[in-house]
Amino acid sequence: MLAGKKIILGVSGSIAAYKSALIVRGLVRAGAEVKVLMTQAAADFITPLTLSTLSRNPVTSSVHTDESWNNHVELGLWADAYLIAPATATTLAKLAHGICDSALVAVYLSARCPVFFAPAMDVDMWRHPATRTNVERLQSFGNHLIDVEEGELASGLTGAGRLAEPEHILQHLADYFAEAANRTSLQDLAGRRVLITAGPTHEDLDPVRYLGNRSTGKMGIALAEAAAARGARVELILGPTSLTTTQAGVTVVPVRSAREMYAEAVDRWPESTDAILCAAVADYRPATVAPEKIKKGDGELTVAMVRNPDIAAELGRGKRPGQRVVGFALETENGLENARRKLIDKSLDFIVLNSPRTPGAGFGHDTNQITLVDRNKVTPFELKTKRAVADDILDRLADNPTP
Ligand code: CTP
């Protein structure tokens, strides 16, 4: 799975840095092309000469030398994966906060490929809330943790904090590429026409003001791209957001208000096989839209609001045998109870429960943590990238036998 893959290995200054030689050798033996970045501190533990000899490529440690500038952007774009191993507590902190004082961090900030980090430190450093917060922050960016292992540490203490064994690190990468390859060859939604609503809605108050919400549409766009990659024809009805997609197989239908989104969805539903209602639809809109900008007065301003139509409930009601409707429930309290009620009230096949209170989940993040709820079971998932979450949702959709 690693043959032909382009891997950057970032090495930071830990006693475990000597194991980076084994990682490079393992990657090269598996047929990967490897370029190594080292922090200055790493060079105290292992020489650049060792790693350049094993990787058969020059080793970079600074964004510039006396004669030239090292193009970290190019390197970030070159790679299929960026592995940072060992990642010390300092390096984790710098990555988590974008402190760009080495080529290792500069490439991290420029990389578009998946990033894996394998920490190594003493047990108390590993347990410290500062480290925990930095690890969680990196995971919330969608980076993959290769967890520490337990055992004897350089300090003489025993516990969690050892760098994962090189063969476990290599296996982790190989598994990732195997799963990614599986996903691309998977065409289990071929022949399906999937309608997806995503993003916020804007409800006009006057010619310059509107009521909206913080949804960015990231989750719905990830679902649309993942469904198209799995063979579906997708119509993405997208509320006002700066994000969009140009992926083949996805038709984007831009809308602004809940009523526009409703009209487009209802219109397309008879031709669709599945609907995934991911949009944060405003439940209310101002009863009237002022024709001119509302001027301020001395007292309070009260705006009368009326209910918007419920897209999910409407599609659920009009479901033909074989059509499936999936809803989302963003809940801050009583999540399961509310999700179950929505599942029944809106005749949904299953519902995706998430909470804006979970760190790394909800509006604007690249990651999400969901629980799938249907009439018979409740399935929680870990915090993952929105694309991986999309695939979990689509796995359930593809699995559900047509009633
Ligand atoms: N939904 C919809 N149309 C609406 C409101 C909600 O299609 N007018 C969909 C959402 O896209 C989501 C599901 O219904 O899939 C649940 O949305 P949510 O806002 O959580 O639920 P509501 O029914 O609006 O209930 P409440 O706001 O009281 O939690």
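Nothing here was measured: the structure is a model prediction, and the numbers come from that model.

1. Some points on the overall build of the protein chain
- Within the protein chain, the regular secondary structure consists of 13 helices and 21 strands.
- With respect to the three principal axes, the spread of C-alpha positions in the protein chain is 70 × 60 × 45 Å.
- Long-range contacts, defined here as pairs at least 24 residues apart, represent 68% of the contacts in the protein chain between residues at least 6 apart.
- Counting every atom, the protein chain has about 19,500 Å² of accessible surface; 51% of that belongs to carbon and sulfur.
- Computed over 44 positive and 47 negative side-chain charges, the separation of the two mean positions in the protein chain equals 4 Å.

2. Thoughts on the site of the ligand
- Taken together, 13 residues are adjacent to the ligand, and Leu277, Ala279, Phe328, Lys342 and Lys346 come closest.
- Proline 309 places a polar main-chain atom, nitrogen or oxygen, 2.9 Å from a nitrogen atom of the ligand.
- With respect to the ligand, the side chain of lysine 342 contributes an N or O atom lying 2.7 Å from an oxygen atom.
- It is strand E16 (residues 324–330) that contributes the most residues to the shell around the ligand, three residues altogether.
- For the shell around the ligand, a count of residues per class yields eight nonpolar, one polar and four charged.

3. Considerations on the packing of helix H4 (residues 89–97) against helix H7 (residues 129–140)
- Two elements in contact, H4 and H7, have axes whose closest approach is 9 Å; the angle formed by their N-to-C orientations is 45°. In terms of their interaxial angle, H4 and H7 are classed as oblique. The handedness of the crossing between H4 and H7 comes out as left-handed. Residues Leu92, Ala93, Leu95, Ala96 and His97 of H4 pack against Thr131, Asn134, Val135, Arg137 and Leu138 of H7.
- In terms of residue class, the contact of H4 with H7 is made up of six nonpolar, three polar and one charged.

4. Focus on the pairing of strand E13 (residues 274–277)
- Of the two faces of E13, the one lined by Asp274 and Ile276 and the one lined by Ala275 and Leu277 are each fully buried.
- The sheet contact formed by strand E8 (residues 193–198) and E13 spans four bridges and is parallel. Bridge pairing in E13 places threonine 197 opposite leucine 277.

5. Notes on the domain arrangement of the protein chain
- As assigned here, the protein chain comprises domain 1 (6–184) and domain 2 (188–399).
- The straight-line distance from the C-alpha centre of domain 1 to that of domain 2 is 37 Å.
- Buried area between domain 1 and domain 2, summed over both chains or domains, comes out near 540 Å², and the portion from carbon and sulfur atoms is 50%.
- Summed over the three residues of domain 1 that lose the most area to domain 2, namely Ser140, Gly142 and Arg183, the buried surface amounts to 72% of that side.
- Along the contact surface separating domain 1 from domain 2 lie zero salt bridges.
- Counting the contacts that link domain 1 with domain 2 gives one residue pair in polar contact (both at pLDDT 80 or more).
- Those elements that place two or more of their residues in the side of domain 1 that touches domain 2 are H7 and helix H8 (166–185).
- By residue class, the composition of the side of domain 1 that touches domain 2 is one nonpolar, four polar and one charged.

6. A word on the pairing of strand E4 (residues 115–119)
- Within E4, five of the five residues are buried, which leaves it mostly tucked inside the rest of the structure.
- Residues Val115, Phe117 and Pro119 of E4 are buried on one face, and the alternating residues Phe116 and Ala118, pointing to the opposite face, are buried as well.
- Judged from the four bridges that link them, strand E3 (residues 81–87) and E4 form a sheet pairing that is parallel. From the neighbouring strand, leucine 83 faces E4, where its bridge partner is phenylalanine 116.
- In this sheet, strand E5 (residues 144–145) lies alongside E4 in parallel orientation, the contact comprising two bridges. Looking at E5, one finds that phenylalanine 117 is bridged to leucine 145.

7. A few points about the environment of glutamate 150
- Within the secondary structure layout, glutamate 150 lies in strand E6 (residues 149–152).
- For glutamate 150 and alanine 164, which are 14 residues apart along the polypeptide, the C-alpha to C-alpha distance reads 8.7 Å.
- With residues up to four places along the chain from it excluded, the contact list for glutamate 150 reads Gly159, Ala160 and Arg162.

8. Section: the pattern of salt bridges
- Under the defined criterion, the tally for this structure stands at 22 salt bridges.
- In this structure, glutamate 165 engages lysine 19 in a salt bridge whose closest nitrogen and oxygen atoms are separated by 3.7 Å. Taken together, the positions of glutamate 165 in the loop between strand E7 (158–162) and H8 and lysine 19 in helix H1 (residues 19–29) put the pair 146 residues apart, joining distant regions of the chain.
- By relative accessible area, glutamate 165 is classed as partly exposed at 21%.
- Salt-bridge contacts for glutamate 165 lead to arginine 162; the nearest nitrogen and oxygen are separated by 3.1 Å.
- What emerges from the salt-bridge pattern is a single network uniting Asp188, Arg230, Arg387, Asp391 and Asp395.

9. Here's the deal with unusual backbone geometry
- Of the consecutive residues alanine 85 and proline 86, the connecting peptide bond is found in the cis state with omega at -5°.
- Mapped onto the elements, proline 86 comes out in strand E3.
- We note that arginine 56 has phi near 65°; this positive angle belongs to a residue other than glycine.
- Structurally, arginine 56 can be placed in the loop between helix H2 (48–55) and helix H3 (72–78).

10. Observations regarding the side chain of asparagine 368
- Its place among the elements puts asparagine 368 in strand E18 (residues 367–368).
- Take asparagine 368: its relative accessible area is 1%, and that puts it in the buried class.
- Within the local environment of asparagine 368, its side chain forms a polar contact with the side chain of asparagine 354, the two groups lying 3.5 Å apart.
- Ignoring anything within four residues of it in the chain, the contact list for asparagine 368 reads Met219, Asn354, Gly360, Ala361, Gly362, Glu382, Leu383, Lys384, Lys386 and Val389.

Rules and cut-offs
- Residues numbered from 1 in each chain as written.
- Predicted model: local features only at pLDDT ≥ 70, side-chain atom pairs only at ≥ 80, totals over all residues.
- Heavy atoms only, no water.
- Helix = DSSP H or I, 4+ residues; strand = E, 2+ residues; numbered from the N terminus.
- Contact = heavy atoms within 4.5 Å.
- Areas by Shrake-Rupley, 256 points an atom, 1.4 Å probe, with all protein chains shown as cover.
- Lys, Arg positive; Asp, Glu negative; His and termini not counted.
- Charge placed at Lys NZ, Arg CZ, Asp CG, Glu CD.
- Near = heavy atom within 4 Å.
- Polar contact = N/O pair within 3.5 Å; in protein donor to acceptor, adjacent residues only side chain to side chain.
- Nonpolar A, V, L, I, M, F, W, Y, C, P; charged D, E, K, R; others polar.
- Axes fitted to C-alpha atoms, helices over the stretch in contact; angles between N-to-C directions.
- Parallel < 35°, antiparallel > 145°, perpendicular 65-115°, else oblique.
- Left-handed = near helix turned anticlockwise from the far one by under 90°.
- Buried < 20%, exposed > 50% of the residue type's maximum accessible area, 1.4 Å probe, protein only.
- Pairing = 2+ DSSP bridges.
- Domains from an automatic or database assignment.
- Buried area = accessible area lost by both parts, 1.4 Å probe.
- Salt bridge = Lys/Arg side-chain N within 4 Å of Asp/Glu carboxyl O.

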